[in-house]
Amino acid sequence: MKNIRFYEAKKYSTSDYEKIEDMIYKTKEEKSDNVMSLALKQCSDGDLADRLIKEGDWQQGQGKLLEDYLILIYEGKTYYRDVDNIDTEDDIVFEEQYPDTGEANMIYVTSIVFEPEPELGENEPSDPFISQYPLEDILEEFYIYCYDNYDKENESDKKNSYIEFASDDIEDIRKVLSIIGKHVYNKTEGKYDILKIE
């Protein structure tokens, strides 16, 4: 990703969005009955997480969305563990970041436009999609998620790619904006791919 800039999406001028500060907007997160998604965060109570790992009756998740997780319902709340990390140092108990309360969550959003770098394993600029890396590493680094893929813009612009980031914490959005004007890419060091922001 190079030549990273803020993208002032037309939708930001509608009544659904409130400008909070330069390049950051607030909106209600839309719930979709057609698309299932799962946003997780590490369990905020470390002692509870340790107890759940030791004592909980974890069950294998069912269906495409949950098949990679063990699931435990404890005191009316659902907890998750990544099956690939069971009994490793990365065995973490997660909880839903946005539990379904029946009400829309308020979230903060920002959008960027950038030039992809196919020579670094990214999508071709003319591709209507954005490659998984380094995007996935950016999401993990800044605790954010993709909110709008800007399909129309990505299909019509043969030079740039567009993406919208979201979080319920404005600080996460402020931090991800630090990539504007930077060069962001993955570099292999040893047996790992490392996110580089220069």
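Refer to the structure printed above.
Residues numbered from 1 in each chain as written. Predicted model: local features only at pLDDT ≥ 70, side-chain atom pairs only at ≥ 80, totals over all residues. Heavy atoms only, no water.

**Side note on the nonpolar core**
And then number 1: Core analysis: the biggest nonpolar cluster contains 21 residues, and Ile 138, Ile 144, Phe 165 and Ile 179 have the highest contact counts within it.
And then number 2: Listing elements by their share of this core, those giving two or more residues are β9 (106-115), α2 (135-142), β11 (161-167) and α4 (170-176).
And then number 3: Ranked by the residues each element gives to this core, the list is headed by α2, at four residues.
And then number 4: Ignoring sequence-local partners within four residues, the contact set of Ile 138 consists of Met 1, Ile 144, Phe 165, Val 176, Ile 179, Val 184 and Leu 195.
And then number 5: Of all hydrophobic cores here, the second largest spans 13 residues; its members include Phe 6, Ala 9, Tyr 25 and Ile 107. (Core = buried A, V, L, I, M, F, W, Y, C linked by side-chain atoms within 4.5 Å. Buried < 20%, exposed > 50% of the residue type's maximum accessible area, 1.4 Å probe, protein only. Helix = DSSP H or I, 4+ residues; strand = E, 2+ residues; numbered from the N terminus. Contact = heavy atoms within 4.5 Å.)

**Let's talk about the pairing of strand β13 (residues 192-197)**
And then number 1: Two strands pair when backbone bridges link them, and strand β12 (residues 184-189) and β13 are joined in this way by six bridges, in the antiparallel orientation. Bridging across to β13, Val 184 finds its partner in Ile 197.
And then number 2: From the end of β12 to the start of β13, which pair antiparallel, there are two residues, and Gly 190 there has a positive phi angle of about 70 degrees. (Pairing = 2+ DSSP bridges.)

**What to know about the pairing of strand β2 (residues 18-21)**
And then number 1: The sheet contact formed by β2 and strand β3 (residues 24-28) spans three bridges and is antiparallel. Residue pairing across strands places Glu 18 opposite Lys 26, the latter belonging to β3.
And then number 2: Here β2 folds back onto β3 in antiparallel fashion, the turn holding two residues, of which Met 23 has a positive phi close to 75 degrees.

**Some thoughts on the pattern of salt bridges**
Between side chains of opposite charge, a pair can form when the charged atoms approach closely.
And then number 1: For the coordinates displayed, the defined rule picks out eight salt bridges.
And then number 2: Among the ionic pairs, Lys 11 bridges to Asp 148, the shortest N-O distance being 2.8 Å. Residue Lys 11 is located in the loop between β1 (2-6) and β2, and its partner Asp 148 is located in strand β10 (residues 145-148); the two are separated by 137 residues in the primary sequence.
And then number 3: Ionic pairing is found between Glu 95 and Lys 77, a salt bridge with its closest N-O pair at 3.0 Å. Of the two residues, Glu 95 sits in strand β8 (residues 94-96) while Lys 77 sits in strand β7 (residues 77-82), which places them 18 residues apart along the sequence.
And then number 4: When its relative accessible area of 3% is taken as the criterion, Glu 95 is described as buried.
And then number 5: Three or more residues joined by partner-sharing salt bridges are found here, namely Lys 11, Asp 148 and Glu 164. (Salt bridge = Lys/Arg side-chain N within 4 Å of Asp/Glu carboxyl O.)

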